[in-house]
Amino acid sequence: MNNYSVTYSDFTGDPYKDWIPTDQTKGASKILQWAYETYGDAIVYACSFGAEGVVLVDLISKVQKNAEIVFLDTDLHFQETYDLIDKAKEKYPELRIQLKKPDLTLEEQANQHGSALWKRQPDQCCYIRKIKPLEEALSGAPAWISGLRREQSLSRSKTDFVNKDEKFKSIKVCPLIHWTWDDVWDYIKENNLPYNELHDQGYPSIGCIPCTSKVTDSTDSRAGRWSGFNKTECGLHTS
Ligand code: SF4
């Protein structure tokens, strides 16, 4: 049995709550160092391979070469996203990048819940194709890493570096909380990182094809998701 210093059941608050980072990565490198020292390779990074995702993959590769990275493969992603994952596997051959699929194929989902569930009940579709698979991927993991940034939305504005995650009964580590959208893109450009080509075609946030659309306001990093629905989150980060 592992004795981690910070666990879900004994969580007493973010150990870095009062720390104001002044380094170039706004604390991200130090938090990742702490996370891998604390949890070893048992911690999982759930990566969507968006702009924040490619930054975190790069930062993680410098701290833990064989880190486990899970991409929730809903079977509904753009080909450009799969191409980016192939490039990441080539660039970081030691990272354990895995594609986690839902229990139901698209055909089985259509048979059980009707076709194009995302058009009628996107929350249920996200539950089947994202939340449940992440639950399975995190079972047994003491902690996971997420690319949330405080400026993304009101609901994310109080995110700490180290959080008690009631939803997945785990610890959620968020190294990028202080990063702005510009910081993300400066890092990508300065380090010449591969990124999803769709970002250059009017898609700031990229998820499943049916729930992602082009936007004109590219300053909103979450714009273009679930347009037409009163929904801004897939549910991974809401209670
Ligand atoms: Fe389904 Fe859309 Fe959620 Fe993807 S983002 S799982 S298509 S509802």
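Right above here is the structure, for reference.
Read on for an overview of the structure. (Residues numbered from 1 in each chain as written. Predicted model: local features only at pLDDT ≥ 70, side-chain atom pairs only at ≥ 80, totals over all residues.)

### What to know about the site of the ligand
Then comes step 1: Taken together, 13 residues sit near the ligand, with Pro 122, Cys 125, Cys 126, Cys 208 and Cys 211 positioned nearest.
Then comes step 2: At five residues, the largest contribution of residues to the shell around the ligand is made by helix α6 (residues 122-138).
Then comes step 3: Of the residues assigned to the shell around the ligand, the class counts are nine nonpolar, two polar and two charged. (Near = placed C-beta within 6 Å. Helix = DSSP H or I, 4+ residues; strand = E, 2+ residues; numbered from the N terminus. Nonpolar A, V, L, I, M, F, W, Y, C, P; charged D, E, K, R; others polar.)

### Considering the nonpolar core
Then comes step 1: Ranked by size, the top nonpolar core spans 47 residues in total, and within it Ala 35, Tyr 45, Ala 46, Cys 47, Leu 56, Trp 144 and Val 173 carry the most contacts.
Then comes step 2: No other element matches helix α2 (residues 51-63), which puts seven residues into this core.
Then comes step 3: Those residues in contact with Val 173 that sit more than four places away from it in its chain are Ile 31, Ala 35, Ala 143, Ile 145, Phe 161 and Val 162.
Then comes step 4: Core analysis: the next-biggest nonpolar cluster, separate from the first, contains seven residues, Leu 117, Trp 118, Cys 208 and Cys 211 among them. (Core = buried A, V, L, I, M, F, W, Y, C linked by C-beta atoms within 7 Å. Buried ≥ 20, exposed ≤ 12 C-beta atoms within 10 Å, placed from the backbone. Contact = placed C-beta atoms within 7 Å.)

### Details of the environment of Val 63
Then comes step 1: As for its placement among the helices and strands, Val 63 is situated in helix α2.
Then comes step 2: Look at Val 63 and you get partly exposed, because 18 C-beta atoms sit within 10 Å.
Then comes step 3: Placed 32 residues apart in sequence, Val 63 and Leu 95 show a C-alpha to C-alpha distance of 11 Å.
Then comes step 4: With residues near it in sequence (within four places) discarded, Val 63 still touches Leu 32, Gln 33 and Tyr 36.

Note that all results are geometric; they support no functional claim without further evidence.
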